[in-house]
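Here's the letter readout for the chains.
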Amino acid sequence: MDGVRERRSEELAVSRRTFLQSTAGVAAVGAAAGCLGVIGGDDSPTVLSEPDRQYDNEDLPYPAWGQRVPDVAVPTALSDSEVSTRDVSQPALYTFFYSHCNTVCPVLISTMRNVQTHASNEGYADEVSLFPVTFDPERDTADRLRTYGGEMNVDVDAGNWTFLRPADPARAEAVVTDEFGVAFERTHPEEMEMYMFTHAALTYLVNGDGYVERAYRSKAPNEDQILADLEQVREA
Amino acid sequence: MNRRRVLAALAGVGLTGGSAWVARNGVPRPDEDVGGAGLPREVETLDAPGSTAGTAAVPVPETPTVVDLFATWCAPCDEQLEELRAVEGEYPEVAFVSVTNERVGDTLTREDIADWWAEHDGAWTVGIDPGSELLSAFGANSLPFVAITDAEGRVVTEYSGVAAAGDLREDLDALVA
């Protein structure tokens, strides 16, 4: 028995080091590389199989497939509350943005908004949580985000949409960059009075047990793909 | 500002909008493995000025087509519409189609989109692309996005960011001359 477990761990140590460290080997089954279709049986923390990708988890600067969602508590922007990521017990999407952004962020937010509308149209609005996280807490006040949500045709009062707003810039970096692996940096474009950001684009799909199912690394996430993945995760 | 890519130069290696999308995202979709990137695609069209409710293939078959991908929340998309309006009347043989990838629902209805269209003096076919499939097929990752296709449906030019009327005229002159 021990021999089997050891051998398995050895194999996995090559490709899944980070994952094993954080889960003490419990979820070893199903992490074999290249596995397609149904994986892992009851021990797998994910519903979706490993994405087709070039890198192993430990090479990635962000939590990826099969890893736990970062353990953070972030204040909600429009109410006097906070969300602890690991207490979220249903499928959730996270994305990272700032509302003064003109290019990438509106696409990320509108994708999430389209998911919200799909959920509402298809009757699963209360089975998914949507967490857009601002990394510009100084300017993204409650009023600003409420207005922004309105412009983007988001139903900000629906229970499934929660703008998250770290308390200050330092905390934004700690949460968004250090925990979620989404780098951002202030810029001061010559033709503009205000500061902007360069930033990475990432949207996470996390399952109800708090494990990352997908990290969509795209400025224009494929909405159909997200909806299909979400459906599988919801119905698991 | 705008990133203009003349795709004709890349035709030899088959880098259509669709495969460019794959290259950027690494998520191949079955219908994008072949040239043409899953185009044309059937979209729902709306009852609005210059447009009737129904469906339309985009790009329009056997017709040079200017495809404008927009969203009602996208401020530069207003500007893009203005540039397109300046050009549209000069090219009767070219089809113009504008499509939003916004999903209609309680917070944005078909009527809201039609109202937006009327407010901004839209005057041709306007449709919706819930699921962003057309967006994906063109490989657009920002809005506004304009693609010009020839009569065979090949993408000859595309713009990420506002395409100026002058540039559009150059493209269309080359296409319909």
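Residues numbered from 1 in each chain as written. Chains lettered and ligands numbered in written order. Predicted model: local features only at pLDDT ≥ 70, side-chain atom pairs only at ≥ 80, totals over all residues. Heavy atoms only, no water.

S.K.: Report on the pairing of strand β2 (residues 41–45) of chain B, specifying residues and quantitative values.
M.R.: All names here are of chain B. Taking every second residue as pointing to the same face, the buried face of β2 carries Arg41, Val43 and Thr45, while none of Glu42 and Glu44 on the other face is buried. In this structure, β2 lies alongside strand β3 (residues 54–58), joined through five bridges in antiparallel fashion. Residue pairing across strands places Thr45 opposite Gly54, the latter belonging to β3. Where β2 lies against strand β6 (residues 125–128), two bridges are found, and the strand directions are antiparallel. Within β6, the residue paired with Glu44 across the bridge is Ile128. (Buried < 20%, exposed > 50% of the residue type's maximum accessible area, 1.4 Å probe, protein only. Helix = DSSP H or I, 4+ residues; strand = E, 2+ residues; numbered from the N terminus. Pairing = 2+ DSSP bridges.)

S.K.: Please provide a residue-by-residue account of the packing of helix α2 (residues 75–88) of chain B against helix α5 (residues 165–176) of chain B, values included.
M.R.: Residue and element names in this part refer to chain B. Direction vectors running N to C along α2 and α5 enclose 45°, while the axes themselves pass 9 Å from each other. Classified by the interaxial angle, the pair formed by α2 and α5 is oblique. Of the two possible hands of crossing, α2 and α5 adopt the one that is right-handed. Between α2 and α5, the residues in contact are Gln80, Glu83, Leu84, Ala86 and Val87 and Ala165, Leu168, Arg169 and Leu172, respectively. Its residues assigned to classes, the contact of α2 with α5 comprises six nonpolar, one polar and two charged. (Axes fitted to C-alpha atoms, helices over the stretch in contact; angles between N-to-C directions. Parallel < 35°, antiparallel > 145°, perpendicular 65-115°, else oblique. Left-handed = near helix turned anticlockwise from the far one by under 90°. Contact = heavy atoms within 4.5 Å. Nonpolar A, V, L, I, M, F, W, Y, C, P; charged D, E, K, R; others polar.)

S.K.: Go over the interface of chain B and chain A with me, naming the residues and quoting the values.
M.R.: In this complex, chain B contributes 21 residues to the contact, which on the side of chain A involves 22 residues. Where chain B abuts chain A, roughly 1700 Å² becomes buried across the two surfaces, and 46% of that area is made up of carbon and sulfur atoms. When the area that chain B buries against chain A is broken down by residue, the three leading residues are B:Trp73, B:Arg103 and B:Thr107, summing to 41%. Residue B:Arg103 is joined to A:Glu223 by a salt bridge in which the shortest nitrogen-to-oxygen separation is 2.9 Å. Mapped by element, the contributors of at least two residues to the side of chain B that touches chain A are α1 (17–25) and α4 (133–138) of chain B. (Buried area = accessible area lost by both parts, 1.4 Å probe. Salt bridge = Lys/Arg side-chain N within 4 Å of Asp/Glu carboxyl O.)

S.K.: Tell me what's going on with the state of the cysteines, and back it up with residues and numbers.
M.R.: Enumeration according to the criterion identifies two disulfides over all chains in this entry. A disulfide bridge connects A:Cys101 with A:Cys105, and the sulfur atoms are separated by 2.4 Å. Between A:Cys101 and A:Cys105, the disulfide has an S-S torsion of 95° and is therefore right-handed. Accessibility expressed as a relative area gives 5% for A:Cys101, which makes it buried. The partner cysteine of B:Cys74 in its disulfide is B:Cys77, sulfur to sulfur 2.2 Å. (Disulfide = S-S within 2.5 Å.)

S.K.: Help me get a handle on the packing of helix α3 (residues 104–122) of chain A against helix α6 (residues 223–235) of chain A, residues and values and all.
M.R.: Residue and element names in this part refer to chain A. Contact geometry for α3 and α6: axes closest at 10 Å, N-to-C directions at 50°. When the axis of α3 is compared with that of α6, the two are oblique. Handedness of the α3/α6 crossing: right-handed. When α3 is examined against α6, the residues Thr111, Asn114, Val115 and His118 are found in contact with a partner set consisting of Glu223, Ile226, Leu227 and Leu230. Its residues placed into classes, the contact of α3 with α6 shows four nonpolar, three polar and one charged.

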